Amino acid sequence: MPLRKPDEEEMKKVTALAEAMREKGRDKYKLGYALLYLQERNKMLEDVRKKAEYYVRFGMGKKS
C-alpha cells in the first residue's frame, strides 16, 4: 500500500525538526540527516525531470 504524500505544512514541520535534531546533536540514528539528504536529492531529481520533459516536448534545435 503506497504512502500518501505529506502536505506542504507537514513537510515544513518535519524539515524544521530534522534541522533542529542535527543542530543539537540529537540525531543518533541519522534520521534527520537522511530526511534532509533525500529532500535535497528529490529537488535535484525534480529539476532533471522538468528538463527531460522540456526536451521530450521540444527536442533539440536543428543543426545547420
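Residues numbered from 1 in each chain as written. Predicted model: local features only at pLDDT ≥ 70, side-chain atom pairs only at ≥ 80, totals over all residues. Heavy atoms only, no water.

Enquirer: Hey, could you go over helix 1 (residues 8-23) for me, with residue numbers and the actual values?
Expert: With 16 residues, helix 1 should reach 22 Å at 1.5 Å per residue; the first-to-last C-alpha distance of 22 Å fits that figure. Sitting at the amino-terminal end of helix 1 is D7, which places a side-chain oxygen 3.1 Å from the backbone nitrogen of E9. Taken from the residues just after helix 1, G25 is the one with a positive phi, measuring 70 degrees. (Helix = DSSP H or I, 4+ residues; strand = E, 2+ residues; numbered from the N terminus. Expected span 1.5 Å × (residues − 1). Polar contact = N/O pair within 3.5 Å; in protein donor to acceptor, adjacent residues only side chain to side chain.)

Enquirer: Would you mind going over a nonpolar patch on the surface in detail, with residue names and values included?
Expert: Together, Y33, Y37 and L38 make up an exposed nonpolar region whose accessible area comes to about 330 Å². As for its placement among the helices and strands, Y37 is situated in helix 2 (residues 31-58). Relative accessible area serves as the criterion here: at 43%, Y37 is assigned to the partly exposed category. (Patch = residues over 30% accessible without salt bridge, like charges linked within 9 Å, V, L, I, M, F, W, Y side chains within 5 Å. Areas by Shrake-Rupley, 256 points an atom, 1.4 Å probe, with all protein chains shown as cover. Salt bridge = Lys/Arg side-chain N within 4 Å of Asp/Glu carboxyl O. Buried < 20%, exposed > 50% of the residue type's maximum accessible area, 1.4 Å probe, protein only.)

Enquirer: Give a detailed account of the pattern of salt bridges, specifying residues and quantitative values.
Expert: One pass over the full model with this rule turns up 7 salt bridges. Across the pair R49 and E46 runs a salt bridge whose closest N-O atoms are separated by 2.5 Å. Taken as a pair, R49 and E46 lie in helix 2 at a separation of 3 residues, close to a single helical turn. By relative accessible area, R49 is classed as partly exposed at 40%. A single salt-bridge network, built from bridges that share partners, covers E46, R49, E53 and R57.

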